[in-house]
Amino acid sequence: MRSFARLFVALAVCVITIVGYGFWYAAIEAKSAAVAELKNEVTVKNENADRVASARASLAELAGSEALIQGYFVPETGVVAFINNLEARGRKQGATVSVLSVSTGASAAKTPLTLSFALMITGSFDAVMRTIGVIEYAPYDLSISVLAITHEGKNGWRANLTILVGSAPARAATTTP
């Protein structure tokens with residue numbers, strides 16, 4: 001009977017050990033699942049952080065391009081400077097540029113806004129034509145919509161033209177964190 005008791009005790013120890021091992025294994029498996037879930041969350045957050053960093057780098061690159069493109073538009077506050085620029089271009093070519101009128105070509109609610117300039121250019125034929133070319137190929141979003149050239153006596157020419165120039169609203173200063 002003693003050997004039967006030892007067998008029973010050994011069997012009980014084995015059963016208790018196997019049951020204990022099962023509980024321990026289940027606990028370890030639950031912790032492993034939690035760790036795997038946390039690892040996935042960390043991976044997702046790292047990927048999101050990489051995307052945010054990439055987006056910030058792209059925005060920084062685009063800021064330079066945006067400033068370059070904005071240079072092709074006449075800001076609302078720069079109309080007088082643009083008129084002075086037109087007159088200076090005419091003087092460099094030996095012609096006189098007069099701005100007859102300025103108006104908006106689109107409603108203020110729409111963007112992009114277009115400014116319409118009615119110009120008169122006077123001078124010799126060469127000077128008038130060179131001035132028209134210099135204005136037409138100026139580094140602005142600009143197109144000539146109306147052009148009429150008339151002869152005014154000996155060596156006197158006049159061009160009446162209407163140009164449409166892209167305009168940009170005045171921008172408030174912004175910073176990117």
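**Side note on helix 3 (residues 125-136)**
Since the α-helix turns once every 3.6 residues, residues separated by three or four places project in the same direction. Between the first and last C-alpha of helix 3 there are 16 Å, a value that for twelve residues agrees with the 16 Å anticipated at 1.5 Å per step. At its buried positions, helix 3 is contacted by helix 2 (79-93), strand 2 (96-104), strand 3 (113-123), strand 4 (142-151) and strand 5 (157-168).

**Regarding the pattern of salt bridges**
All told, the structure shown has two salt bridges when counted by the stated rule. Between Arg-51 and Glu-47 there is a salt bridge, with its nearest N and O atoms 4.0 Å apart. You can see Arg-51 and its partner Glu-47 sitting in helix 1 (residues 2-70), four residues apart, about one turn around the helix. Judged by its relative accessible area of 40%, Glu-47 falls in the partly exposed class. The closest approach of N and O atoms between Arg-158 and Glu-152, which form a salt bridge, is 2.9 Å. Residue classification places Arg-158 among the partly exposed residues on the basis of a relative accessible area of 25%.

**A few points about the domain arrangement of the chain**
Segmentation of the chain into domains returns domain 1 (1-71) and domain 2 (74-168). Computed over C-alpha atoms, the centres of domain 1 and domain 2 are 68 Å apart.

**Overview of the UniProt feature "transmembrane region" (unreviewed entry) in the chain**
UniProt's feature table lists "transmembrane region" (unreviewed entry) at residues 7-27, given in the numbering used throughout. Secondary structure across residues 7-27 comprises 100% helix and 0% strand; the distance between its end C-alpha atoms is 30 Å.

**A short note on a nonpolar patch on the surface**
Where nonpolar side chains cluster on the molecular surface, the patch consists of Leu-11, Val-15, Val-19 and Phe-23 and spans about 420 Å² of accessible area. Locating Val-15 in the fold gives a position in helix 1.

**Looking at the environment of Gln-93**
Note on placement: Gln-93 falls in helix 2. Along the chain, Gln-93 and Ala-67 lie 26 residues apart, while their C-alpha atoms are 29 Å from each other. Setting aside residues up to four positions removed in sequence, Gln-93 forms contacts with Ala-127, Arg-130, Thr-131 and Val-134.

**What to know about the packing of helix 2 against helix 3**
How two helices pack is summed up by the angle between their axes together with the distance between the axes. Following both chains from N to C, one finds helix 2 and helix 3 inclined at 140°, their axes separated by 9 Å at the closest point. Judged on the interaxial angle alone, helix 3 and helix 2 are oblique. With respect to the hand of their crossing, helix 2 and helix 3 are arranged in right-handed fashion. Residues Leu-86, Arg-89, Gly-90 and Gln-93 of helix 2 touch helix 3, and the partners they reach there are Ala-127, Arg-130, Thr-131, Val-134 and Ile-135. A class-by-class count of the residues in the contact of helix 2 with helix 3 yields four nonpolar, three polar and two charged.

What counts, and where the lines are drawn
Along each chain, the written sequence defines residue order, and numbers are assigned to residues from 1. The predicted nature of this model means local features are confined to residues of pLDDT at least 70 and side-chain atom pairs, given and counted, to a pLDDT of 80 or more, with totals for whole chains, interfaces and linings taken over all residues. Only heavy atoms go into the side-chain values, all of them from the structure, while hydrogens and water stay out. The helix and strand labels rest on DSSP assignments: H or I over at least four residues marks a helix, E over at least two residues marks a strand, and numbering proceeds from the N terminus. In this analysis, the expected span of each helix is defined as 1.5 Å times one less than the number of residues it contains. For this analysis, residues touch if any pair of their heavy atoms sits within 4.5 Å. One side-chain nitrogen of Lys or Arg within 4 Å of one carboxyl oxygen of Asp or Glu is enough to make a salt bridge. Categorising residues by exposure relies on relative accessible area from a 1.4 Å probe, with only protein chains included: less than 20% of the type maximum marks a residue as buried, more than 50% marks it as exposed, and the intermediate range marks it as partly exposed. Boundary definitions for the domains trace back to an automatic or database domain assignment. UniProt positions are given in the numbering used here, feature names are shortened, and annotations may be inferred rather than shown by experiment. In this analysis, a patch consists of residues with relative accessible area above 30% that form no salt bridge, clustered at 9 Å for like charges and at 5 Å for the nonpolar side chains Val, Leu, Ile, Met, Phe, Trp and Tyr. Using the Shrake-Rupley algorithm and a 1.4 Å probe, accessible areas are obtained, with residue cover drawn only from the displayed protein chains. The axes are straight lines fitted to the C-alpha atoms, using for helices just the contacting stretch, and the angles between their N-to-C directions are given from 0 to 180°. By the definition adopted for this analysis, an angle is roughly parallel if under 35 degrees, roughly antiparallel if over 145, roughly perpendicular if from 65 to 115, and oblique otherwise. Whether a crossing is left-handed or right-handed is set by the direction in which the near helix is turned from the far one by less than a right angle, anticlockwise for left-handed and clockwise for right-handed. The nonpolar class holds Ala, Val, Leu, Ile, Met, Phe, Trp, Tyr, Cys and Pro. Asp, Glu, Lys and Arg form the charged class, and all remaining residues, Gly among them, are polar.

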